[in-house]
Amino acid sequence: MPISYSVSRIHGAFGLILRACSPLLLSGCSQYEHTWLNKLERSALSINVLTLLFGTGLHTNEQAGESRNATLAELLSVGIVFLNVVFVANVGRSWRRHGQYCTRCRTEAASEETKTEE
């Protein structure tokens, strides 16, 4: 085995470990002023880690040769698609609920402004 191959595998494993730990490391941090944006960011990082791990499982399964498992590949693929669809739905729900371009949001913000003025 060439040295460059083993070094790249170590770098890949280290990157995977760092990526997997990033939601844990950032759980106490607040990058944004609004709580819902911080939750959305944590959700994005978590989905990213899970997609990366599932993709690694797909790659490992594909490299297995004769012991490749088609059912595992299908389950991992469906899992990746499902997680990403749920995340996109969560982004849409968050945008609709908290976005400044949503009509309902603008009327709620206006009513809150009148309450604070009184």
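Above this note sits the structure.
The structure contained in this document is the topic of the report that follows. Remember, it's a predicted structure, so these values are computed and weren't measured experimentally.

1. Things to note about the overall build of the protein chain
Point 1. When you go through the protein chain residue by residue, the secondary structure sums to four helices and zero strands.
Point 2. In sequence order, the secondary structure elements of the protein chain are arranged as α-α-α-α.
Point 3. For the protein chain, buried positions account for 16% of its 118 residues.
Point 4. Here the analysis covers contacts within the protein chain between residues at least 6 apart in sequence; of these, 48% occur between residues at least 24 apart.
Point 5. Accessible area for the protein chain stands at about 9,100 Å²; split by element, carbon and sulfur atoms hold 62% of it.

2. Some points on helix H3 (residues 70–98)
Point 1. Between its terminal C-alpha atoms H3 stretches 42 Å, which fits the 42 Å expected from 29 residues at 1.5 Å a residue.
Point 2. Within H3 the residues assigned to the buried category are Leu-76, Gly-79, Ile-80, Leu-83, Phe-87, Asn-90 and Ser-94.
Point 3. Close packing links the buried residues of H3 with helix H2 (35–62).
Point 4. Here H3 starts with a cap whose side-chain oxygen sits 3.1 Å from the backbone nitrogen of Thr-71, and that cap is Asn-69.

3. Some thoughts on the side chain of Asn-38
Point 1. Mapped onto the elements, Asn-38 comes out in helix H2.
Point 2. When near neighbours in sequence (up to four residues on either side) are disregarded, Asn-38 contacts Ser-30, Gln-31 and Tyr-32.

4. So, H2
Point 1. Compared with the 40 Å implied by 1.5 Å per residue over 28 residues, the 40 Å span of H2 between its first and last C-alpha is a close match.
Point 2. Taken together, the buried positions of H2 are Asn-38, Leu-40, Ser-43, Leu-45, Ile-47, Val-49 and Asn-61.

5. Some points on the environment of Leu-50
Point 1. On the secondary structure map, Leu-50 appears in helix H2.
Point 2. Distance in space between the C-alpha atoms of Leu-50 and Asn-84 is 9.7 Å, their sequence separation being 34 residues.

How each quantity is defined
- Residues numbered from 1 in each chain as written.
- Predicted model: local features only at pLDDT ≥ 70, side-chain atom pairs only at ≥ 80, totals over all residues.
- Heavy atoms only, no water.
- Helix = DSSP H or I, 4+ residues; strand = E, 2+ residues; numbered from the N terminus.
- Buried < 20%, exposed > 50% of the residue type's maximum accessible area, 1.4 Å probe, protein only.
- Contact = heavy atoms within 4.5 Å.
- Areas by Shrake-Rupley, 256 points an atom, 1.4 Å probe, with all protein chains shown as cover.
- Expected span 1.5 Å × (residues − 1).
- Polar contact = N/O pair within 3.5 Å; in protein donor to acceptor, adjacent residues only side chain to side chain.

Take it as geometry only, folks, not as evidence of what the structure does.
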